[in-house]
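Structural overview
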Amino acid sequence: MKDKKLIVHPGDVYFIPLFLHGESSAKSFSRYKFGGDDQDFCFLRVIDNHLGSGVLIEVFNYVGSIEADVGEIISSERLFEPIYIAGEGISKKRWRKVGETKDYDKETHSNYSSIQFLIGLPGEFRLWCNGIEYNVDTSIDKLENIEEHIILTSKQVEKRVLK
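**Let's talk about the side chain of threonine 101**
With respect to the helices and strands, the residue threonine 101 is situated in the loop between strand 5 (97-100) and helix 3 (106-110). On the basis of relative accessible area, threonine 101 is assigned to the buried category, the value being 9%. When near neighbours in sequence (up to four residues on either side) are disregarded, threonine 101 contacts Gly11, Val13, Arg45, Ile74 and His109.

The following block contains the structure:
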């Protein structure tokens, strides 16, 4: 069987259905028709595709229908700091593209240089920022507010959004 590579582009905007959190991340939704009146969605934008290290995304604090205006979506604030996803939500058609940010620039539109992650093992974390790794004092309280670099499944993201 041939490996299918996930093709996403920085600036692409996808919907996240808020009613599928109980479904397996492995389930395909290619035949599922989205868009019912009782269906709510939130939205994400691809910041960067780090290939084997996941897809860096930001999730917006906007809930609406799949016909929502992309400009309105991306002008809302982030629901939480950017995270990495595995991408199966997109490849299995659970999450679908609804638009894109024209002339997307990850620094201008997503403030890329301020995105930080803790990488490595607890107690031995390094700080990732703007593609560079830094050694850090792991006893610093400020590190509590920085995401660990974990690649999340679609189901994990949906549960986090619903919290």
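**What to know about the packing of aromatic side chains**
Scanning the model with the defined rule gives 11 aromatic pairs in all. Ring geometry for phenylalanine 19 versus phenylalanine 41: centroids 5.6 Å apart, planes at 80°, classification edge-to-face. Of this pair, phenylalanine 19 sits in the loop between strand 1 (12-17) and strand 2 (41-49) while phenylalanine 41 is found in strand 2, placing the two residues 22 residues apart along the sequence. Taking relative accessible area as the criterion, phenylalanine 41 reaches 1% and is therefore assigned buried.

**Things to note about helix 4 (residues 154-162)**
The complete set of buried residues in helix 4 reads Ser154, Val157, Glu158 and Val161. The buried residues of helix 4 occupy an angular sector of 100° when the element is viewed end-on, so they sit on one face. Here the buried face of helix 4 lies against strand 1, strand 2, strand 3 (55-64), strand 4 (83-85), helix 2 (88-91) and strand 9 (151-152).

**Description of the pattern of salt bridges**
With the rule as written, the count across this model stands at 11 salt bridges. Note that glutamate 81 is salt-bridged to arginine 78, the shortest N-O span being 3.7 Å. The closest approach of N and O atoms between glutamate 100 and lysine 102, which form a salt bridge, is 3.5 Å. Given a relative accessible area of 36%, glutamate 100 falls into the partly exposed group. Look at lysine 102 and you get exposed, because its relative accessible area is 62%. Each of Asp12, Lys97, Glu100 and Lys102 takes part in salt bridges that share partners, so that together they form one network.

**Observations regarding the nonpolar core**
Residues Leu44, Val59, Ile85, Trp95 and Val157 are the most contacted members of the largest nonpolar core, which totals 18 residues. Listed by contribution, the elements that provide at least two residues to this core are strand 1, strand 2, strand 3, strand 4 and helix 4. If we ignore the near neighbours within four places in the chain, the residues touching leucine 44 are Asp12, Val13, Tyr14, Ile16, Ile57, Glu58, Val59, Phe60 and Trp95. Counting 12 residues, the second largest nonpolar core, distinct from the first, contains Val13, Phe29, Phe34 and Val70.

**With respect to the sheet that holds strand 8 (residues 132-135)**
Ordered by their spatial adjacency, 3 strands build an open sheet running 6-7-8, and the pairing between neighbours is antiparallel. At either margin of the open sheet sits one strand with a lone partner, and together these are strand 6 (116-119) and strand 8. The mean inter-strand angle of the sheet, taken between neighbouring strand axes irrespective of direction, is 30°. Bridge count for strand 7 (residues 126-129) against strand 8 is 4 bridges, and the pairing is antiparallel. Across the sheet, the residue bridging to arginine 126 is asparagine 135, located in strand 8.

Rules used in this analysis
- Residues numbered from 1 in each chain as written.
- Predicted model: local features only at pLDDT ≥ 70, side-chain atom pairs only at ≥ 80, totals over all residues.
- Heavy atoms only, no water.
- Helix = DSSP H or I, 4+ residues; strand = E, 2+ residues; numbered from the N terminus.
- Buried < 20%, exposed > 50% of the residue type's maximum accessible area, 1.4 Å probe, protein only.
- Contact = heavy atoms within 4.5 Å.
- Phe/Tyr/Trp six-rings, centres within 6.5 Å; stacked < 30°, edge-to-face > 60°.
- Arc of directions from axis to C-beta.
- Salt bridge = Lys/Arg side-chain N within 4 Å of Asp/Glu carboxyl O.
- Core = buried A, V, L, I, M, F, W, Y, C linked by side-chain atoms within 4.5 Å.
- Pairing = 2+ DSSP bridges.
- Axes fitted to C-alpha atoms, helices over the stretch in contact; angles between N-to-C directions.

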